[in-house]
Structures are given as structure tokens and as C-alpha cells.
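# Residue-level structure breakdown
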Amino acid sequence: MKSIAPSELIINNRGAIYHLDLRPEELAETVITVGDPDRVAAISKYFDRVEYKRQHREFITHTGFIGTKRISVLSTGIGPDNIDIVLNELDALVNIDFETRMIRPSLHSLSIIRIGTSGSLQADIPVDGFVAGTHGLGIDNLLNFYLHVQHEEEQQLIQSFLTQTQLHQKTAQPYITSASPSLMKHFVEGYHQGITVTCPGFYGPQGRVLRLGLNNPDLIDRLTDFRFGQHRIANFEMETSAIYGLGRLLGHHCLSLNAIVANRVSKEFSKDGQAAVEKLIQKSLEIIAAI
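### Here's the deal with the overall build of the protein
For the protein, the helix and strand inventory stands at seven helices and 14 strands. Seen through its C-alpha atoms, the protein measures out along the principal axes to roughly 50 × 40 × 40 Å. When the 291 residues of the protein are sorted by exposure, 54% land in the buried category. Contacts in the protein between residues far apart in sequence, at least 24 positions, make up 76% of those at least 6 positions apart. Of the charged side chains in the protein, 27 are positive and 32 negative, and the gap between their average positions amounts to 2 Å.

Here it is in C-alpha cells:
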């Protein structure tokens, strides 16, 4: 096995992975990801003790403890492209020896939980509610750059999605990955469940019209109407499918939790989205600390 070249695995002068500016010892086994850099402190304020604080560009990390539970909270910024950086570098921190630049013979799994915001695609999932994504369905193309295989139910889900929405004819080749069952089982009471769709943008890719016309003006209706057995699309945002897809390929346990700040069916927007996120943080941290 060859060592990984410096151009592929970039380690800075303090021995930290390039974008995240983290050394292996500065990362906990349980990682909470957030899009907004300001949300890192909104979560770490509940820590009993903070060990490390690191920042590089939009990537801020606080690692500390709630009781005896060691947790890192990390800001990813917005979009699947940033998730590509974050998931690969998190994995490198635990599964690549930075001295030899070799993949470790014994691989390690992280628990990665996203706490974010999203828009509901169902009338009965109201603003200020919470969603735990059973699957991440990507229309962003990221996972198609990697070798990946979907199991039988996922193949059936994506084929049904393509048939019902015809989305692939004008945009991309969608992909789908399920959440980690070992994490999902803890987030049932108080959380709506359903498929989370990940889009590569906020405006056109999510069916918003300002001054530009849309290639697929029926997008919202098609996503809302999608059904496959007991499965339906609950919400959409810009990170979950990339986390689930890369997480599975790399052997990590992933779950996405979202506060609903907009309902695209009823056209409502939360009157206090920050309060909804705060409630999601408090509820989810209580569960995470006990796992």
C-alpha cells in the first residue's frame, strides 16, 4: 500500500488536516455538524467543559464534554460541496495515520449527527416542528463522483422517484442512502420522520422564483406527492444526502435532524426560527448525551 501524496492529503504545519484545521486528538467520536458557524457556540454553550476550539474559514469546531460524553460540534457551511470536504477530512482524522500517510489497518466509525434547518414538503409537518430523515435523497450529483452501491430497497425507492417526478430528464441522476438505524431509533418521539431531499441550491433547485424562470416549475408538487409504500418526502435542504452517502461509504453512522423553518405547501415561514432551532438543540443534545 502506497502512502497518500501531500497533494491529496493536505496537512498543515501544526499537523492538522487542511480545511478543518483539526488534529486527530481534537476530534470526538460523536460529531454534531451544523451549517451556520454561529450555531457551534449555540451548542457548545451546553457543554460542561470545552477542550478545544479551532477555526479555519467557515469551519469552526468546539470539542468538549456533556457529563462524560465527549462531543465535537463542527460548522460545515452550506451545500454538498462543503460536506464533501468535511466528511472526507473527518474520516481522515480517524482512519489515516498522519505520520505515515497510510490508511490505518483497523478502521474507526464516527457517529455524525446533523442539526440544521429545512423546509417542510408536507402540510402536516408544520413550521417549528422537527424531522429526523429516514433517507437522504440527493439531486445534487455529489455521490455520483464516487463508486457507490444502493441496496435493493434504495434502488426501488430511487426508481419510483425517477418515474414519478421525471426529475432526471432535466437535472441530475438522483441517489438515495438510508440513515443509520442505530442512531435513528433514539430520535422517534417528538420527531416527524420521512425522506429528506438534498438540493444543490436554495432558489431554483428548491423551486423558488425571484427573477429567473424554472426548468421544472412543478418541482414542489412532485416532491410532495411522491409515495413509495410507507415512504414519503418530508423536507428538503442542502446537506443530508451528502452526509448519508459519504458516511455510509466511509463506514460512519449518520443522522440528520432538522427544525422546520418553512412549509412550502402552506407557504408559511417560522415567526421565530431561532427559537425552533434552540429547542431542537436542547432536545437532541439530551438524547445524544445519553447514547
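### Brief notes about the pairing of strand β2 (residues 49-56)
Note: β2 against strand β3 (residues 59-66), seven bridges, orientation antiparallel. Bridging across to β3, Arg-54 finds its partner in Thr-61. Remark: two residues form the turn of the hairpin made by β2 and β3, two consecutive strands paired antiparallel; Arg-57 in that turn has positive phi of roughly 55°.

### Considerations on the packing of helix α2 (residues 80-95) against helix α6 (residues 240-250)
Between α2 and α6, the least distance of the axes is 9 Å, while the angle of their chain directions is 25°. For the element pair α2 / α6, the angle class is roughly parallel. In this structure, the crossing between α2 and α6 has a hand that is right-handed. From α2, Pro-80, Ile-83, Asp-84, Leu-87, Asn-88 and Asp-91 reach across to α6, where they touch Ala-242, Ile-243, Leu-246, Gly-247 and Leu-250. Of the residues in the contact of α2 with α6, the class split is seven nonpolar, two polar and two charged.

Thresholds, definitions, all that
- The written sequence of each chain sets the order in which its residues are numbered from 1.
- With the structure being a predicted model, the display of local features is reserved for residues of pLDDT at least 70 and the display and counting of side-chain atom pairs for 80 or more, all residues being used for whole-chain, interface and lining totals.
- Side-chain numbers here rest on the full set of heavy atoms in the structure, without hydrogens or water.
- Secondary structure elements are defined from DSSP: runs of H or I of at least 4 residues count as helices, runs of E of at least 2 residues count as strands, and each element is numbered from the N terminus.
- Burial status follows relative accessibility: with a 1.4 Å probe on protein chains alone, a residue under 20% of its type maximum counts as buried, one over 50% as exposed, and anything between as partly exposed.
- We call two residues contacting when some pair of their heavy atoms lies within 4.5 Å.
- By the counting scheme adopted, Arg and Lys are positive, Glu and Asp are negative, and His together with the chain ends is not counted.
- Every charge is mapped to an atom, namely NZ of Lys, CZ of Arg, CG of Asp or CD of Glu.
- A pair of strands is considered paired only if DSSP assigns at least 2 bridges between the two.
- Throughout, an axis means a line fitted to C-alpha atoms (over the contacting stretch in the case of helices), and angles, computed between N-to-C directions, take values from 0 to 180 degrees.
- In these notes the angle categories are as follows: under 35 degrees is roughly parallel, over 145 is roughly antiparallel, 65 to 115 is roughly perpendicular, and the rest is oblique.
- Working rule for handedness: look at the near helix, and if it is turned counterclockwise from the far one by less than a right angle, call the crossing left-handed; if clockwise, right-handed.
- Note that Gly is not counted as nonpolar here; it falls among the polar residues with everything else outside the nonpolar set of Ala, Val, Leu, Ile, Met, Phe, Trp, Tyr, Cys and Pro and the charged set of Asp, Glu, Lys and Arg.

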